[in-house]
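# Fold and geometry: a report
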Amino acid sequence: MNGEAMTKERSFYNEMQDEAGVPRAAYAELAKWLEDKPPNFLKQKSREAETIFRRLGITFAVYGAQESTERLIPFDPIPRILSASEWRRLSSGIDQRVRALNAFLHDIYHRQEIIRAGRIPADLILQNEAFLPEMVGFTPARKVYAHIIGTDLVRVAENEFYVLEDNTRTPSGVSYMLENRETMMRMLPDLFQSHRVAPVEQYPEMLRQTLESVSPDPSKSNQTIVVLTPGIYNSAYFEHAFLADSMGVELVEGRDLFVDEGKVFMRTTRQPKQVDVIYRRIDDAFLDPLTFNPDTMLGVPGLFDAYRAGNVTICNAPGTGIADDKAIYAYVPEIIEFYTGQKPILNNVPTWNCSREDDLAYVLDNLEEIVVKEVHGSGGYGMLIGPTASKRQISDFRKVLKSNPTNYIAQPTLALSACPTHVASGVAPRHVDLRPYVLIGDRVRITPGGLTRVALKNGSLVVNSSQGGGTKDTWVLED
Amino acid sequence: MLGRTASSLFWMSRYLERAQNTAKLLEVANRAAMVPNTGHSGLDEWRIALLTSGTELGYRAKMDEITARGVINYMVFDKQNTSSVRTCLETARNNARAVRTGITSELWEALNTTWIEFAEVNPQSITQDKLPEFLSWISQRSHLFRGALLNTILRDDGYFFSQLGHFVERADNTARILNTQYWVLLPDNDVIGDGSMERTQWTGILRALSGLRSYRFAYPDAKLKALNIAEFLILRKEMPRSLAHCYDWIDETTDDLAQFYGERQQSIKLAASIWKELREQDMRDIYQNGLHDFLTDFIGKNNAFADQLSRDYNFA
């Protein structure tokens, strides 16, 4: 470790070592290994990894970039490690949360008990753009709405994790979790020999099982499953192709599908083939020009009717976006208690809702200290991180916020935990978050690990790849 | 298999073959430009390259004058030219990306690294002295692609569609090269004998089809004769770029396809009839009925076959 100064920074939780510099148990082997390696070793491994990723075409597109629209996400060769007991607690918290969110979705599209009980204001749901009236009264297979969830977590202390976002629409990044692991196993076999790392490679098979289990007719022996992509120019196209390939199913675009007599078919070189389950990676609005956005070229006319007729399952269900809406987020602890009768295992980040006058006043008084986000924003765009923003940025943001307060929520700036990361000067702590991937079908399946995103700039708290973040392989150790 | 997947595999191979053919045309033009005494026919070698690739109109819309620099830029790097090497490589790669799940990683890597390296080349850096090396690099890369395809891809319908794309494009290219300068190959020219102008033109055609050396092995007296050259490039199926060779493959591949799907579609019958016609003709018949008409007719039938194939198998 070098002694890089973090002047601007408050204290943060260092995942590798305690305040005295002694490695924590899960990191003991890794710390030793890092010390033994020659100075250029990690640099060389980083380059190797980049070559592998580029040749395999593991890229994402950056919107607005001019010439080369395909970029690599920087990959950090030092793994992030979680102990078995840390993981047990996290996964039980995630399990509880995703069950509650699915129960919530079923409720708001049926009897709306939670509104009747006065636990959530009716307007917040009924007036919400993400609430789809078309889904009211419809029950998807096994009552599951959000089949694939990526729960964004951050850590602030040894036993303190917060959920930042639930990502119940079409969370991406799982291909990085899988490819990062493959690359690490190829590059650093000795590290795997000295650790008992829980495997992640079963994810595509579990995804397929999950999708098969929610088919309209699960007893059918040959389910036809497809991955629906907007096409090769989408930022996550690589992942769509990767998942279809590793599940052994077709990757389709909207134009490959059509609806006939309430059933969905794909155009093949032979007879049309009926489709049972669609893992869609396009947004609700683009699914079906007859029901939603009439201008969409990405969707399939009549798809929604086929869905409501119970002839095809769409994963995730249309209308799940309400469960990860930033305005609903504040109520998730309430939602967990209401549907499970238990206290939440994982914390929510305290949130100020700028549409409330008191909250807005507090936020305006404390802009230097807190983080402000757009209610419907994503990818780290349009947000303000008070402690690292300039005076000018803060005063500009104040105007924007005042002119449209309902568009914003605010949260305290969390001191994200940091993990050892390879940087120009050697190895230094960098802030990280964690997105484990959850599958919900006949049962809840959580892959041990997930995607760790790391803010590569010193002191930065923004881990998004669109803002210069990188990724790490995430290890869950077995007992 | 999705109809769109079949289409992507077909076009992936077609575009890769086209990239190589374009490179070859330029190689020949560049060589001919260095040899004096050509241009008798009134056609400048750079214009022949444009005509053969069917891009003369597009070029003239952009540029007033036909120059070496202009043609090289247009046929190698131009983004608006749908047959430029750049466009071919990019389109081939986009097609491969669209069926990333249907091709092997070896094949993808061959194509992807070619595109990455090509995209990094600054067009200004390809001066005329660097051109031959650069063009032969493109050829090498397309051979690498073919090798990866033949060595790794599963012999199922995906393979059949990509083979068909490859040979349809190749047959089209050979027919166009011959048709652009068909008069050079008329038997009357034989009387003039080994005149230097004919010589240059004949060897140019053979070179463009990588057949100069093999011609000398195929015809024991090794003399360049219009009739032999035409026969070699049209009817001799052991010549890998001849029309006969291409249709021998197409016929066999469509048979495999029919067997695979258990159905003989219209396109399969069409391929069989084109192949039968080629097989049963000799060069004298072709000359009698007119070489130019024969070639024009062939190009039309070859296109009709590709169209029918895309209808029969629901290419999107």
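About the criteria used
Residues numbered from 1 in each chain as written. Chains lettered and ligands numbered in written order. Predicted model: local features only at pLDDT ≥ 70, side-chain atom pairs only at ≥ 80, totals over all residues. Helix = DSSP H or I, 4+ residues; strand = E, 2+ residues; numbered from the N terminus. Rg over C-alpha atoms; globule rule 2.2 N^0.38 Å. Buried ≥ 20, exposed ≤ 12 C-beta atoms within 10 Å, placed from the backbone. Contact = placed C-beta atoms within 7 Å. Nonpolar A, V, L, I, M, F, W, Y, C, P; charged D, E, K, R; others polar. Pairing = 2+ DSSP bridges. Axes fitted to C-alpha atoms, helices over the stretch in contact; angles between N-to-C directions. Parallel < 35°, antiparallel > 145°, perpendicular 65-115°, else oblique. Left-handed = near helix turned anticlockwise from the far one by under 90°.

Chain B is annotated in an unreviewed UniProt entry as Alpha-E domain-containing protein from Roseibium algae.

Attention shifts here to the overall build of chain A. From N to C terminus, chain A includes 14 helices and 24 strands. Taking 2.2 N^0.38 as the reference for a compact globule, 479 residues should give roughly 23 Å; the C-alpha atoms of chain A span a radius of gyration of 23 Å, in line with that estimate. Taken along its principal axes, the extent of the C-alpha atoms in chain A is 70 × 55 × 50 Å. Burial statistics for chain A: of 479 residues in total, 42% are counted as buried. Restricting the contact set of chain A to residue pairs at least 6 apart, pairs at least 24 apart contribute 68%.

Each partner contributes to the interface: chain B provides 21 residues, whereas chain A provides 18 residues. Of all the elements in the fold, those that place two or more residues in the side of chain B that touches chain A are helix 1 (3-32), helix 5 (85-98) and helix 6 (105-119) of chain B. Of the residues assigned to the side of chain B that touches chain A, the class counts are nine nonpolar, seven polar and five charged.

Further remarks concern the sheet that holds strand 9 (residues 257-260) of chain A. Residue and element names in this part refer to chain A. If you walk across this open sheet you meet the three strands as 9-10-11, and the pairing is antiparallel. Strands at the two margins of the open sheet, each flanked by one partner only, are strand 9 and strand 11 (273-274). Two strands pair when backbone bridges link them, and strand 10 (residues 263-266) and strand 11 are joined in this way by two bridges, in the antiparallel orientation. Looking at strand 11, one finds that Phe-265 is bridged to Gln-274.

Residues and elements named next belong to chain A. The alternating pattern of strand 12 (residues 277-280) places Val-277 and Tyr-279 and Ile-278 and Arg-280 on opposite faces, both of which are buried. Relative to strand 12, strand 7 (residues 225-228) runs parallel, the two being bridged by four bridges. Counterpart to Val-227 in the pairing with strand 12 is Tyr-279. The sheet contact formed by strand 12 and strand 13 (residues 313-315) spans three bridges and is parallel. The residue of strand 13 that forms the bridge with Ile-278 is Ile-314.

The two faces of a sheet get side chains in turn, since along a regular strand they alternate between them. Residue and element names in this part refer to chain A. Across the eight residues that make up strand 3 (residues 75-82), a large majority, eight, are buried. When strand 3 meets strand 24 (residues 469-476), the two strands line up parallel, connected through five bridges. Residue pairing in the sheet places Ile-81 in a bridge with Trp-475 of strand 24.

Let us now look at the packing of helix 13 (residues 243-261) of chain B against helix 14 (residues 266-280) of chain B. Residue and element names in this part refer to chain B. Axis separation between helix 13 and helix 14 bottoms out at 9 Å; the angle between their running directions is 150°. By the angle between their axes, helix 13 is roughly antiparallel relative to helix 14. Helix 14 is crossed by helix 13, and the crossing has left-handed handedness. Residue-level inspection shows Leu-243, Ala-244, Tyr-247, Asp-248, Ile-250, Asp-251, Thr-254, Leu-257 and Ala-258 of helix 13 in contact with helix 14, the latter providing Ser-267, Ile-268, Ala-271, Ala-272, Ile-274, Trp-275 and Leu-278. Considered class by class, the residues forming the contact of helix 13 with helix 14 number twelve nonpolar, two polar and two charged.

For the rest of this paragraph, the subject is the sheet that holds strand 13 of chain A. Residue and element names in this part refer to chain A. The strand order across the open sheet formed by four strands is 8-7-12-13, and the pairing between neighbours is parallel. Among the strands making up the open sheet, the edge pair consists of strand 8 (250-252) and strand 13. Taking each pair of neighbouring strands and ignoring which way they run, the sheet shows an average axis angle of 25°. Of the strands in this sheet, strand 7, strand 12 and strand 13 touch helix 8 (residues 203-213), which is tilted by about 110° from strand 7. Relative to the sheet, helix 9 (residues 237-247) contacts strand 7 and strand 8, its axis offset from that of strand 8 by approximately 150°.

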